[in-house]
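Now for the letters of each chain:
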Amino acid sequence: MKKIGVLTSGGDAPGMNAAIRAVVRTARARGLSVCGISRGYNGLMENDMFEMDLRSVSDIIDRGGTILYSARSPKFKTEQGMDLAVEVCKRNNIDGLVVIGGDGSFRGARDLSLKGIPCVGIPGTIDNDISCTDYTIGLDTCLNTIVQSVDRVRDTSESHDRCTVVEVMGRKAGYLALESGIAVGASYIIIPEKPYSLDEVIKRMKETLKTGKRHFVIVVAEGIGGVANLAKRIEEETGIESKSVILGHVQRGGSPTAKDRIVAGLMGNYAVDLLLQGKSNRVVAIKKDEIIDYDIYEALNMTKSIDLNKYNVALEISI
Ligand code: ADP
Ligand code: F6P
């Protein structure tokens, strides 16, 4: 192995830059050339890449987003797009690829590996929805951003005796909502993994009103949606003035926390060593604080369920 490529794909996540830095520095330390590929699989198909050296990744450890840019690339999923990507890798003598992204990006890495391009995936997504790993790069920063934002919402909600329904990211996964809901002391948490009934939300609110509670924050995962309507219904049923807030992409930006930088550094280093050991079609993961790796097929077939005990505790301590 003489030359590797690195790209970021799918939704960006804070800490991706720290991962790129670790990949580039490790590769250079091991005598490999590194090529940074811009805009995920789009850049790969379009041969949009550049040589990276030790100094290409100076001063990026603290930066959110990704210096390599990211993209969602429908063309890459086609036979023609895939063949083009393989041809570009071969033309540029890329012997291995590090793909930093979510499970969609890993499916692409799996297909490339099948076509003879050794790939290793690093989990980078705020959603923490990759089953084989306890943690995905970006989660901690995102959670802290949500907490800071909802704390501000709480201030004004409290001042006006209001209920605020806050939508956080996560189309299919309620992990961000559950964890942030606990951290902000949400009165109720609504996630795709757990059916909910509006009647129950209202009943709980009415019960806690009797104990002197006067304002509420309800955290809802993006996948549930309809926060404006939910706020309207709550207001109608409880008489408490209710507002809705969609935190949106503010959650995906910002300087990565120490945790995200550390995990990114360790995973980036590990990924390059996997390629050097001749391993392909692997995903880097962290389990009980240990960095390990899985076959991508195996990783993509795993399932991860929400900790319902955590959910129950969250509700129990928020009355
Ligand atoms: P994430 O990696 O954050 O889950 P996406 O699901 O949008 O983000 O995937 C990122 C990119 O990975 C897609 O735009 C596509 O190019 C590629 N990809 C996603 N799913 C597949 C698939 N089933 N097969 C091949 N490539 C895929
Ligand atoms: O996968 C990360 C994520 O931020 C999800 O939480 C969210 O549903 C989605 O990406 C938003 O994607 P986009 O930036 O394309 O709107």
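Our structure is the block above this text.
Everything numeric in this text was worked out from a predicted model, so none of it was measured.

Asks: For this particular structure, what's the right way to read the pattern of salt bridges?
Replies: Working definition: two side chains of opposite charge can pair if their charged atoms are close together. Across all of its chains, the model carries 17 salt bridges by this definition. Linking Arg-162 and Glu-241 is a salt bridge whose minimum nitrogen-to-oxygen distance equals 3.1 Å. Taken as a pair, Arg-162 in the loop between α5 (139-159) and β6 (163-168) and Glu-241 in the loop between α8 (227-238) and β9 (242-246) lie far apart in primary sequence, 79 residues in all. Its relative accessible area of 17% is what places Arg-162 among the buried residues. In this structure, Lys-310 engages Glu-179 in a salt bridge whose closest nitrogen and oxygen atoms are separated by 2.6 Å. Of the two residues, Lys-310 sits in helix α11 (residues 308-316) while Glu-179 sits in helix α6 (residues 175-184), which places them 131 residues apart along the sequence. What emerges from the salt-bridge pattern is a single network uniting Arg-39, Glu-46 and Asp-48.

Asks: I keep staring at the site of ligand 2 and nothing clicks. Help me out?
Replies: Around ligand 2, the neighbouring residues are Arg-72, Thr-125, Ile-126, Asp-127, Met-169, Gly-170, Arg-171, Glu-222, His-249 and Arg-252. Between an oxygen atom of ligand 2 and a side-chain N or O atom of Arg-72, the distance comes to 2.5 Å. Interatomic distance of 2.7 Å between a side-chain N/O atom of Glu-222 and an oxygen atom of ligand 2. Burial of ligand 2 by the protein chains amounts to 80% of its free accessible area of 400 Å². Looking at the shell around ligand 2 residue by residue, the classes come out as two nonpolar, three polar and five charged. Viewed by domain, the shell around ligand 2 spans two of them, domain 1 (3-138 + 256-301) and domain 2 (140-252), each represented by three or more residues.

Asks: Looking at this structure, how should I read a nonpolar patch on the surface?
Replies: There is a patch of nonpolar side chains on the surface, built from Ile-182, Val-313 and Ile-317 and spanning about 250 Å² of accessible area. With respect to the secondary-structure elements, Ile-182 resides in helix α6.

Asks: Hey, could you run me through the environment of Gly-170 in this one?
Replies: In this structure, Gly-170 sits in the loop between β6 and α6. Its relative accessible area of 2% is what places Gly-170 among the buried residues. Separated by 50 residues in the primary sequence, Gly-170 and Val-220 place their C-alpha atoms 9.4 Å from one another. The contacts of Gly-170, once residues within four sequence positions are left out, are Asp-127, Ala-221, Glu-222 and Gly-223.

Asks: What exactly am I supposed to notice about the site of ligand 1 here?
Replies: Close to ligand 1 lie 15 residues, the nearest being Arg-72, Ser-73, Gly-102, Gly-104 and Ser-105. One nitrogen or oxygen atom from the side chain of Arg-72 is found 2.7 Å from an oxygen atom belonging to ligand 1. Measuring from an oxygen atom of ligand 1, one finds a backbone N or O atom of Ser-73 at 2.5 Å. When ligand 1 sits alone it has 550 Å² of accessible area, and the protein chains cover 80% of it. A per-element tally of the shell around ligand 1 places helix α4 (residues 103-114) first, with six residues. A class-by-class count of the residues in the shell around ligand 1 yields two nonpolar, eight polar and five charged.

Asks: Just to check I follow, could you spell out the side chain of Ser-318 for this structure?
Replies: Of note, Ser-318 is situated in the segment after α11. Within the structure, Ser-318 has its side chain in polar contact with the backbone oxygen of Ser-187 (distance 3.4 Å). Contacts of Ser-318, omitting those with residues within four sequence positions, involve Gly-185, Ala-186, Ser-187, Arg-204 and Lys-213.

Asks: For this particular structure, what's the right way to read the side chain of Asn-17?
Replies: Structurally, Asn-17 is set in helix α1 (residues 16-29). Owing to a relative accessible area of 0%, Asn-17 belongs among the buried residues under this scheme. Side-chain polar atoms of Asn-17 contact the backbone oxygen of Gly-65, separated by 3.4 Å. If we skip the residues at most four places from it in the chain, Asn-17 touches Ile-60, Arg-63, Gly-64, Gly-65, Thr-66 and Ile-67.

Asks: Can you walk me through empty space enclosed by the protein in this structure?
Replies: The gaps left among the atoms become clear once a water-sized probe is rolled over them. Counted according to the given criterion, the structure contains two cavities of 30 Å³ or more. The computed volume of the largest cavity comes to approximately 50 Å³. In terms of lining residues, the largest cavity is bounded by Ser-187, Tyr-188, Val-201, Arg-204, Met-205, Thr-208, Lys-213, Phe-216, Ile-218 and Ser-318. It is helix α7 (residues 198-210) that contributes the most residues to the lining of the largest cavity, four residues altogether. For the lining of the largest cavity, the residue count by class is five nonpolar, three polar and two charged. Reported here for the second largest cavity is a volume of approximately 30 Å³. Every residue lining the second largest cavity is listed: Arg-154, Gly-185, Ser-187, Lys-213, His-215, Phe-216 and Val-217.

Calculation rules
- Residues numbered from 1 in each chain as written.
- Chains lettered and ligands numbered in written order.
- Predicted model: local features only at pLDDT ≥ 70, side-chain atom pairs only at ≥ 80, totals over all residues.
- Heavy atoms only, no water.
- Salt bridge = Lys/Arg side-chain N within 4 Å of Asp/Glu carboxyl O.
- Helix = DSSP H or I, 4+ residues; strand = E, 2+ residues; numbered from the N terminus.
- Buried < 20%, exposed > 50% of the residue type's maximum accessible area, 1.4 Å probe, protein only.
- Near = heavy atom within 4 Å.
- Polar contact = N/O pair within 3.5 Å; in protein donor to acceptor, adjacent residues only side chain to side chain.
- Areas by Shrake-Rupley, 256 points an atom, 1.4 Å probe, with all protein chains shown as cover.
- Nonpolar A, V, L, I, M, F, W, Y, C, P; charged D, E, K, R; others polar.
- Domains from an automatic or database assignment.
- Patch = residues over 30% accessible without salt bridge, like charges linked within 9 Å, V, L, I, M, F, W, Y side chains within 5 Å.
- Contact = heavy atoms within 4.5 Å.
- 1 Å grid on protein atoms, 1.4 Å probe; cavity = no way out; pocket = protein on both sides within 12 Å on 5 of 7 lines; lining within 4 Å.
- Points joined across faces, edges and corners; volume = space filled by probe spheres on them.

Read these as layout, nothing more, since geometry by itself doesn't imply function.
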